[in-house]
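Chain residues, written in single-letter form:
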Amino acid sequence: MNGVAIVTGGTRGIGLDISKALIADGLKVAAVYHGNEDAAQKFRDETGHHAFKFDVSDYEACEKWVEQIEKDLGPVSVLVNNAGITKDGALHKMPVENWHAVIETNLTSCFNMSKAVVGGMRERGYGRIINISSINGQKGQFGQTNYSAAKAGMIGFTKALALESAAKGITVNAICPGYIETDMTAAMRQEVLDSIIRSIPAARMGKPDEIAAIVSFLASDKAGFMNGSTISANGGQYMS
Ligand code: CAA
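These numbers were taken from a predicted model, which means no experiment stands behind them.

So, how was this worked out
- Residue indices follow the written sequence of each chain, beginning from 1 at its first position.
- Where local features are concerned, this predicted model is filtered to residues with pLDDT of at least 70; where side-chain atom pairs are given and counted, the filter is 80 or more; whole-chain, interface and lining totals use all residues.
- Only hydrogens and water are removed before side-chain values are computed, so all heavy atoms of the structure are retained for them.
- Working definition: helices are DSSP H or I runs of at least four residues, strands are E runs of at least two. Numbering for both runs from the N terminus.
- We compute the radius of gyration over the C-alpha atoms and compare it with the globule rule, which gives 2.2 Å times the number of residues raised to the power 0.38.
- To sort residues, take the accessible area from a 1.4 Å probe on protein chains only and compare it with the maximum for the residue type: under 20% means buried, over 50% means exposed, and anything in between is partly exposed.
- Only heavy atoms matter for contacts: two residues are in contact if any of them lie within 4.5 Å across the pair.
- Only the protein chains shown count as cover for residues, and all accessible areas are computed by the Shrake-Rupley method using a 1.4 Å probe.
- Pairing between two strands requires that DSSP report at least two bridges joining them.
- Axis angles are defined between N-to-C directions and span 0 to 180 degrees, where every axis is a line fitted to C-alpha atoms and, for a helix, only to the segment in contact.
- One heavy atom within 4 Å of a molecule or strand is enough for the residue carrying it to be called near that molecule or strand.
- In the analysis that follows, any N or O atom pair within 3.5 Å is treated as a polar contact, provided that within protein one partner can donate a hydrogen and the other can accept it, and provided that, for residues neighboring in sequence, both atoms belong to side chains.
- In the sections that follow, a salt bridge refers to a side-chain nitrogen of Lys or Arg positioned within 4 Å of a carboxyl oxygen of Asp or Glu.
- An angle below 35 degrees is read as roughly parallel, one above 145 as roughly antiparallel, one from 65 to 115 as roughly perpendicular, and any other as oblique.
- For a crossing to be left-handed, the near helix must be turned anticlockwise from the far one by less than a right angle; the clockwise case is right-handed.
- Charged residues are taken to be Asp, Glu, Lys and Arg, nonpolar residues to be Ala, Val, Leu, Ile, Met, Phe, Trp, Tyr, Cys and Pro, and polar residues to be all remaining types, Gly included.

1. Quick word on the overall build of the protein
Helices and strands together make up the secondary structure of the protein, namely nine helices and seven strands. A compact globule built from 240 residues would reach a C-alpha radius of gyration of about 18 Å, and the protein, at 17 Å, matches this within 12%. For the protein, the residues scored as buried account for 48% of the 240 residues in total. Sequence-distant contacts, at least 24 apart, represent 70% of the contacts inside the protein between residues at least 6 apart. Summed over all atoms, the accessible surface of the protein reaches about 11100 Å², with 54% contributed by carbon and sulfur.

2. Things to note about the environment of Thr145
With respect to the helices, strands and loops of the structure, Thr145 is situated in helix H6 (residues 145-165). Judged by its relative accessible area of 34%, Thr145 is partly exposed. Sequence-wise, Thr145 and Ala61 are 84 residues apart; in three dimensions their C-alpha atoms are separated by 27 Å. Residues in contact with Thr145, not counting those within four places in the same chain, are Leu91, Met94 and Trp99.

3. Some points on the sheet that holds strand E5 (residues 127-132)
Sheets are built from strands that pair by backbone hydrogen bonding, the pairs being arranged parallel or antiparallel. Strand order in this open sheet of seven strands is E3-E2-E1-E4-E5-E6-E7, and the pairing throughout is parallel. A single partner strand is all that each edge strand has here, and the edge strands are strand E3 (50-53) and strand E7 (230-233). Within the sheet, the average angular offset between the axes of one strand and its neighbour, ignoring direction, is 20 degrees. In terms of strand pairing, strand E1 (residues 4-8) meets strand E2 (residues 28-33) through five bridges, oriented parallel.

4. A short note on the site of the ligand
Around the ligand sit 18 residues, and of these Asp88, Lys93, Ser134, Tyr147 and Tyr179 come closest. Note that a nitrogen atom of the ligand is positioned 2.8 Å from one of the side-chain N or O atoms of Asp88. Within the contact set of the ligand, an oxygen atom lies 3.0 Å away from a side-chain nitrogen or oxygen of Arg189. Expressed as a share of its isolated accessible area of 1100 Å², the protein-covered part of the ligand is 56%.

5. Some words on the pattern of salt bridges
One pass over the full model with this rule turns up six salt bridges. Between Glu181 and Lys207 there is a salt bridge, with the nearest N and O atoms lying 3.3 Å from each other. Of the two residues, Glu181 sits in the loop between strand E6 (170-177) and helix H7 (183-186) while Lys207 sits in the loop between helix H8 (190-198) and helix H9 (208-219), which places them 26 residues apart along the sequence. The partly exposed category is assigned to Lys207, whose relative accessible area is 37%. Residues Glu191 and Arg189 are paired through a salt bridge, measuring 2.9 Å at the closest nitrogen-oxygen approach. On the basis of relative accessible area, Glu191 is assigned to the partly exposed category, the value being 48%.

6. Describing the pairing of E6
Counting buried residues along E6, eight of its eight residues qualify, which places the element largely inside the surrounding structure. The alternating pattern of E6 places Ile170, Val172, Ala174 and Cys176 and Thr171, Asn173, Ile175 and Pro177 on opposite faces, both of which are buried. As judged from the six bridges shared by E5 and E6, these two strands associate in the parallel manner. Bridging across to E6, Gly127 finds its partner in Ile170. By the bridge criterion, four bridges tie E6 to E7 in an arrangement that is parallel. Counted as the bridge partner of Cys176 is Ser232 from E7.

7. Some remarks on unusual backbone geometry
You will see that Ala203, though not glycine, has its phi angle at about 60 degrees, which is positive. With respect to the helices, strands and loops of the structure, Ala203 is situated in the loop between H8 and H9. Take Ala203: its relative accessible area is 57%, and that puts it in the exposed class.

8. Concerning the packing of helix H1 (residues 13-24) against helix H2 (residues 37-47)
In a packed pair of helices, the relevant descriptors are the angle between the two axes and the axis-to-axis distance. H2 packs onto H1 with a crossing angle of 20 degrees between their chain directions and a minimal axis gap of 12 Å. By the criterion of interaxial angle, the relationship of H1 to H2 is roughly parallel. Of the two possible hands of crossing, H1 and H2 adopt the one that is right-handed. Between H1 and H2, the contacting residues are Leu16, Ser19, Lys20 and Ile23 on the first element and Phe43, Glu46 and Thr47 on the second. Of the residues contributing to the contact of H1 with H2, the split by class is three nonpolar, two polar and two charged.

By themselves, these figures tell us nothing about what the structure is for.
Below is the structure:
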């Protein structure tokens, strides 16, 4: 494959493995990050690819930076909306800021980034948009009204944009990872995490590269007839 891929949250966690997989596939990767400078520099040093710092929940920043990425690297053919945060807590205890932060970072970002690239993809008659949703957007999760709503929203967003884009050679698909070994799951209370692992038929968490492999396929020409789909990768924890 050639061309340019943007991976949001692309310097850490699942996003880092996605960036590396797309680099191995031959794409020029622009990894987007927000906070962690050390991880971004390590990514640049280890891969020789670019990391750009901006907030994906900020519409104007996405517009401006995508323009800059296209100026520096060329037209974007692949967008992976992977950036996401958790601010877990039962609804009756959830401050309104935690609702807005998760909806804006996880869901509004998909609108912002897709809007910034889709015009060019339509003109060129080719594009791949891959949205990293979650098992918890499919089944709901105690303590995650904000996250589950955002991740379920990404699935609806995927289907609607796929309908609008299919005739222009653009595919839009969603992946729903289950519990994957990342900083995000490492931050959970150990006894809560242990009880979740007991509910996974595969009896283990997933690895980031097991999600990256699916992204690599969806980004390839081989996946041209997959559009608007929702792919689960959760060790059998939830089958929809
Ligand atoms: N189902 C039913 N009841 C539950 C429950 C569950 N899953 N979890 C907790 N409860 C109950 C508890 O038994 C307790 O009840 P009692 O007061 O009657 O004993 C009550 O709810 C309060 O539970 P906690 O003590 O756990 O409450 P807390 O406020 O300390 O913690 C929480 C709440 C932070 C949400 C914690 O339960 C938690 O971490 N849950 C897991 C959330 C989760 O799965 N996050 C995933 C992060 S990773 C990710 O999101 C990636 C991805 O895509 C998969």
